[in-house]
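Coordinates in review
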Amino acid sequence: MQHDPKRTSSNIYFICERSPSLTSAEDPCLHNFAETLPAEMSLKIFRELDTESLCNALLTCKLWHHIIEESDCLWRSPCLTVRAVCQREVDRDRRDGLSWKVTLVRNYKRSFLKRDWLRGRYSNVCSAEELRDRRMCPLDVETWGEILEAELER
């Protein structure tokens with residue numbers, strides 16, 4: 001099947017801020033969807049993003065930043081995913097009154113590192129040189145205890 005640019009362009013539509021009607025892709029009136037859609041619809045769109053994409057969207061523009069920053073519900077689900085690995089850390093942060101976003105940001109990288117340690121990814125490391133290319137972050141005493149217990153069970 002060949003690509004027909006005339007046919008494709010006539011079938012693509014965007015919502016235009018100036019009028020409630022749909023306009024074609026050739027119309028120069030292409031705007032930010034968050035300016036035209038109700039906040040609830042924008043939240044539904046942002047809810048489909050993974051954690052990294054959500055953080056990138058936060059930096060896109062002031063409107064997106066405001067919507068994402070003020071919507072604790074967007075951060076809850078990814079934070080609960082991180083909690084599967086860092087339950088103690090996430091529970092402590094939430095008990096201390098931190099928002100879902102702050103809790104996620106504090107524990108996101110830690111969860112990947114802790115998961116890798118617990119799965120034995122670093123079990124055969126002989127020197128610090130082997131870890132040089134790995135992203136590391138500080139871990140607390142309890143986390144190191146969990147890792148050491150897992151290593152002893154192997």
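Reference entry: report on the structure contained in this document. (Residues numbered from 1 in each chain as written. Predicted model: local features only at pLDDT ≥ 70, side-chain atom pairs only at ≥ 80, totals over all residues. Heavy atoms only, no water.)

1. Concerning the overall build of the chain
- Scanning the chain from terminus to terminus reveals nine helices and two strands.
- Secondary structure elements of the chain, listed N to C terminal, follow the sequence α-β-β-α-α-α-α-α-α-α-α.
- Counting only residues that meet the buried cut, the chain has 28% of its 154 residues in that class.
- Expressed as a percentage of contacts within the chain between residues at least 6 apart in sequence, the contacts between residues at least 24 apart total 48%. (Helix = DSSP H or I, 4+ residues; strand = E, 2+ residues; numbered from the N terminus. Buried < 20%, exposed > 50% of the residue type's maximum accessible area, 1.4 Å probe, protein only. Contact = heavy atoms within 4.5 Å.)

2. Here we look at the pattern of salt bridges
- In total, this model carries 13 salt bridges according to the counting rule given.
- A salt bridge links D91 to R83; the nearest nitrogen and oxygen atoms lie 2.7 Å apart.
- For R121, the salt bridge is made with D116, and the minimal N-O distance between the two is 2.9 Å.
- Residue classification places R121 among the partly exposed positions, given a relative accessible area of 47%.
- D116 gets classed as buried once you look at its relative accessible area, which sits at 11%.
- Shared partners join several salt bridges into a network, and the residues in it are R88, E89, R92, K114, D140, E142 and E146. (Salt bridge = Lys/Arg side-chain N within 4 Å of Asp/Glu carboxyl O.)

3. So, helix 5 (residues 62-69)
- Of all the residues in helix 5, the buried ones are W64, I67 and I68. In an axial view of helix 5, the angular spread of the buried residues amounts to 95°, which keeps them on one side of the axis.
- In this structure, the buried residues of helix 5 make contact with helix 2 (33-36), helix 3 (39-47), helix 4 (51-58) and helix 6 (72-83). (Arc of directions from axis to C-beta.)

4. As for the environment of D72
- Along the polypeptide, D72 turns up in helix 6.
- On a C-alpha basis, the gap between D72 and V102 in space is 9.9 Å, while along the polypeptide they are 30 residues apart.
- Beyond its immediate chain neighbours, meaning those up to four positions away, D72 contacts S99, W100 and K101.

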